[in-house]
Amino acid sequence: QVQLVESGGGLVQPGGSLRLSCAVSGNIFSIFAMGWHRQAPGKQRELVASITSGGKTSYADSVKGRFTISRDNTKNTLYLQMNSLKPEDTAVYYCNDITGRFASWGQGTQVTVSS
């Protein structure tokens, strides 16, 4: 029954910003450590940011200092603020828990960074 719906992606220029949102159904969201994963064509899906149920965050080196993950447990929503975007950030971004097993993968949201 749990569903993940990502939104907020789009086409932006290098150096631009986007904020991604992930709406999670149900009322069990708050107990899971959640993360944002991304997958570019021809590449494996990678975890780029995570946040524990207690709010501790972690980031892949490739996005550290530029991305900020947050969560609003009252709204069952996960966010990813992306600043100083680079072309190499281009990918489909997905939310899930850090193992990718919280729920079936959603549609993801496409982020394209290009001039």
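Look above for the structure.
Residues numbered from 1 in each chain as written. Predicted model: local features only at pLDDT ≥ 70, side-chain atom pairs only at ≥ 80, totals over all residues. Heavy atoms only, no water.

1. Thoughts on the state of the cysteines
- Inspection of the entire model under this criterion finds one disulfide.
- Disulfide partner of Cys22: Cys95, at an S-S distance of 1.8 Å. One quick way to see it: the torsion about the S-S bond of Cys22 and Cys95 is about 50 degrees, and its sign makes the bridge right-handed. With Cys22 in strand β3 (residues 18–24) and Cys95 in strand β9 (residues 91–97), this pair connects stretches of sequence that are 73 residues apart. (Disulfide = S-S within 2.5 Å. Helix = DSSP H or I, 4+ residues; strand = E, 2+ residues; numbered from the N terminus.)

2. Thoughts on the side chain of Asn76
- Considering the arrangement of structural elements, one finds Asn76 in the loop between β7 (67–72) and β8 (77–82).
- Beyond its immediate sequence surroundings of up to four residues, Asn76 is in contact with Cys22, Ala23, Val24, Gly26, Asn27 and Phe29. (Contact = heavy atoms within 4.5 Å.)

3. A word on the packing of aromatic side chains
- Applying the stated rule across the entire model yields two aromatic pairs.
- Centre to centre, the rings of Phe32 and Phe102 are 4.4 Å apart; their planes meet at 70 degrees, and the pair counts as edge-to-face. Of this pair, Phe32 sits in the loop between β3 and β4 (34–39) while Phe102 sits in the loop between β9 and β10 (109–113); the two residues are 70 residues apart in sequence, bridging distant segments of the chain.
- Residue classification places Phe32 among the partly exposed positions, given a relative accessible area of 25%.
- A relative accessible area of 10% places Phe102 in the buried class.
- Judged by centre distance (5.8 Å) and plane angle (75 degrees), the rings of Tyr94 and Trp105 are edge-to-face. Here Tyr94, found in strand β9, pairs with Trp105, found in the loop between β9 and β10; they are eleven residues apart in sequence, far enough to count as distant.
- A relative accessible area of 12% means that Tyr94 is categorised as buried.
- Here Trp105 falls in the partly exposed class, since its relative accessible area comes to 32%.
- Against the face of Trp105 rests Arg45, its NZ or CZ located 4.0 Å from the ring centre.
- Here the basic side chain of Arg71 rests over the ring of Phe29, its NZ or CZ set 4.4 Å away from the ring centre. (Phe/Tyr/Trp six-rings, centres within 6.5 Å; stacked < 30°, edge-to-face > 60°. Buried < 20%, exposed > 50% of the residue type's maximum accessible area, 1.4 Å probe, protein only. Lys NZ or Arg CZ within 6 Å of the ring centre and 35° of its normal.)

Read these as geometric descriptors, not functional statements.
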